[in-house]
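Remarks on the overall topology
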Amino acid sequence: MPPTLASLVHHSALKLTVRAGEDRLDVPVRWAHVSELADPVPYMEGGELLLITALKLDADDPEAMRRYVKRLVAAGVVGLGFAVGVNYDEIPKALVDAAEQEGLPLLEVPRRTPFLAISKAVSAAIAADQYRAVTAGFAAQRELTRQALSAGPEGLLAALAAQVDGWAALYDASGAVVATAPEWAGRRAARITADVERLRERPAPASSVVGSPETEDRVELHSLGTGRRPRAALAVGTAAALGTAERYAVHSAIALLTLTTERSRSLQAAEQRIGAAVLRMLLAGQPDHARAVTGDLYGGLLDAPFRVIVAEPVSASAARAHADAHAHSGVPMPVAKPSPAGALAAADAGGDPLGGLAETVEAAAARSGEAVLVVPEGERLVVLAGDGGAAVAACAEYAAALEAARAVPDQAAVDEDELVVGLSAPAGPIAAAAAYKQAEQALSVARRRGRVLVEHEQLAAGSVLPLLADDAVKAFADGLLRPLYEHDATGRGDLVASLRAWLSRHGQWDAAAADLGVHRHTLRYRMRRVEEILGRSLDDPDVRMELWLALKATTPE
């Protein structure tokens, strides 16, 4: 405890006597300051015990003393020490009455007690209090370290809550509550998730203080991690502001939790190398070797159906251009509904959607206790995640949030990198190569259609016609049909329309001629002219297929 007026009064060597404010002696004293100025307020910071001899004061003037004492109280002075036997034999009644009226403790300092003795007593008490706080802080640090090593983050939180006489909570990168201590603090921790999400939007390291009207808690929030984006957050709830010892404990907890949540770069690089090796073995058709290498590192990931996720960055302008082109094709694609967590993660990506996706998937897997394999491959990210698990769902929500953000005009105007993601069908280790190929095919379609995420299972449910929007396909179609268009431009016959009608009727002469309103012999003549001009036989099914697709590519309906 810091020194108080009461501790100074009870100091046997100082011989101080209370003349006013006996009921306010429990206030702490930040310092003892000597000033004979008529107005010392500009030099006060608050919390001082002011020592005077009234050298320049008219201490017998009641009105002057009321103004003097009122200004001291307003400045935060906690006590007034008056030395008797110097300028006044006793404390003037005007000053005593003013102190009583304002509730300011007034201490009589005997002549044999120098002001320096009082200053030394205050200084010694403050130093002793700081030493006790530092000692308690080191003891708390040792206990927190012991708990972190023996019981993990949960044990550390329990020790921290005991040290601060309150509660503590740990949040993951998405803002979800991971652990609390004591257990009853779970509800309180959940109430401030919005504040945790706002803290994550600030550059790390960041901290804030929030209040809880329901419980009257004072809650401190601290981000955890050494990167640009926090990997976790710590909340500490107490009934009052933290003291020095409690502050040491909180800072120690922040350091220890950062070490436990932020893996070292060398360990992370080693895990990524193992993950890359496992992926290569799976793609090479060696699932047994992959299991032998992973051991328990990826849990039961390779013992159940999983999905392969392949993601790549793409410029926002290119993504919007493809999206607009696909929108005109009239072929809808299902879009997952973005969740609040997915929207937050996407907004927090900060121009690195690939890194944001990796963090989102890993955080979702960690919360649900799933194993997940995340392998960066240059400008590509490959993920193996359990089918139907939280990681795959988080990927879909993240993509849906990016899709929704693209639809907002202000967001779409920002030309930052976006994301394209391909998701395979469920597969086992022996079919990993096929699943990887499926994910790549879905990724290619996502890029062509300007979508963030496409599942391979959606490809068969859709139509092949949107794929004809590719520039290379259009160029081929234009080249194939150009002779017919040039022929029709001279007014010598409508070969293109006749060819389309004949192909749409599967070569049925009467039905196609009726559609065109011409005689079937006229249609037969036109189809012979098509063969002559193109140098191809319409009896060949491949030729008919190419001509039909060319017509669909050049004249979309």
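We now turn to the structure provided with this report. (Residues numbered from 1 in each chain as written. Predicted model: local features only at pLDDT ≥ 70, side-chain atom pairs only at ≥ 80, totals over all residues. Heavy atoms only, no water.)

1. Some words on the overall build of the chain
- Scanning the chain from N- to C-terminus turns up 21 helices and 15 strands.
- Taking all 557 residues of the chain together, the buried fraction comes to 44%. (Helix = DSSP H or I, 4+ residues; strand = E, 2+ residues; numbered from the N terminus. Buried < 20%, exposed > 50% of the residue type's maximum accessible area, 1.4 Å probe, protein only.)

2. A look at the side chain of Ser 35
- Within the fold, Ser 35 resides in the loop between strand 2 (31-34) and strand 3 (48-52).
- Among the residues examined, Ser 35 registers a relative accessible area of 8% and is labelled buried.
- Polar contacts involving the side chain of Ser 35 include one to the main-chain amide nitrogen of Leu 37, which spans 3.4 Å.
- Setting aside anything within four residues of it in sequence, one finds Ser 35 in contact with Pro 40, Leu 50, Leu 51 and Ile 52. (Polar contact = N/O pair within 3.5 Å; in protein donor to acceptor, adjacent residues only side chain to side chain. Contact = heavy atoms within 4.5 Å.)

3. Considerations on the sheet that holds strand 5 (residues 106-109)
- Taken together, five strands build an open sheet; the order of strands is 1-5-4-3-2 and the sheet is mixed. Pairing within the sheet leaves two strands with one partner each, and these edge strands are strand 1 (17-20) and strand 2. Neighbouring strand axes in the sheet, compared pairwise and without regard to direction, differ in orientation by 30° on average.
- Here strand 2 runs beside strand 3; their pairing, made up of four bridges, is parallel. Note on strand 3: the bridge partner recorded for Ala 32 is Leu 49.
- Its contacts with the sheet place helix 3 (residues 93-102) against strand 1, strand 4 (79-83) and strand 5, and it is angled at close to 75° to strand 1.
- Against the sheet, helix 4 (residues 115-164) makes contact with strand 2, strand 3, strand 4 and strand 5, and its axis sits at roughly 160° relative to strand 2, the strand it touches most. (Pairing = 2+ DSSP bridges. Axes fitted to C-alpha atoms, helices over the stretch in contact; angles between N-to-C directions.)

4. A few points about the side chain of Gln 147
- Within the fold, Gln 147 resides in helix 4.
- In contact with Gln 147, other than residues within four places in its own chain, are Gly 152, Gly 155, Leu 156 and Ala 159.

5. Here's the deal with the packing of helix 19 (residues 509-516) against helix 20 (residues 520-534)
- For the pair helix 19 and helix 20, interaxial distance at closest approach is 9 Å and the crossing angle is 100°. As judged from the angle between their axes, helix 19 and helix 20 are roughly perpendicular. Along the contact surface, helix 19 presents Trp 509, Asp 510, Ala 512, Ala 513 and Leu 516, while helix 20 presents Arg 520, Leu 523, Arg 524 and Met 527.
- By residue class, the composition of the contact of helix 19 with helix 20 is six nonpolar, no polar and three charged. (Parallel < 35°, antiparallel > 145°, perpendicular 65-115°, else oblique. Nonpolar A, V, L, I, M, F, W, Y, C, P; charged D, E, K, R; others polar.)

6. Quick word on the nonpolar core
- Counting 27 residues, the largest nonpolar core has Leu 282, Leu 301, Phe 306, Val 308, Leu 373 and Leu 384 as its most contacted members.
- If you list the elements that add at least two residues to this core, you get helix 8 (265-283), strand 11 (306-315), strand 12 (372-377), strand 13 (380-386) and helix 15 (432-449).
- When residues of this core are assigned to their parent elements, the largest contribution, eight residues, is made by helix 15.
- Setting aside residues up to four positions removed in sequence, Leu 384 forms contacts with Leu 279, Leu 282, Leu 301, Phe 306, Arg 307, Val 308, Val 372 and Leu 373.
- Counting residues in hydrophobic clusters, the runner-up holds 26 residues, among them Ala 20, Ala 54, Val 77 and Tyr 88. (Core = buried A, V, L, I, M, F, W, Y, C linked by side-chain atoms within 4.5 Å.)

7. Quick notes on unusual backbone geometry
- For the bond from Ala 181 to Pro 182, the omega torsion is -10°, close enough to zero to count as cis.
- Within the secondary structure, Pro 182 is located in the loop between strand 7 (177-181) and helix 5 (186-191).
- The phi torsion at Lys 15 lies on the positive side, around 60°, for a residue other than glycine.
- Examined against the element boundaries, Lys 15 turns out to sit in the loop between helix 1 (5-9) and strand 1.
- Despite not being glycine, His 506 shows a phi value in the positive range, around 55°.
- As for its placement among the helices and strands, His 506 is situated in the loop between helix 18 (495-504) and helix 19.

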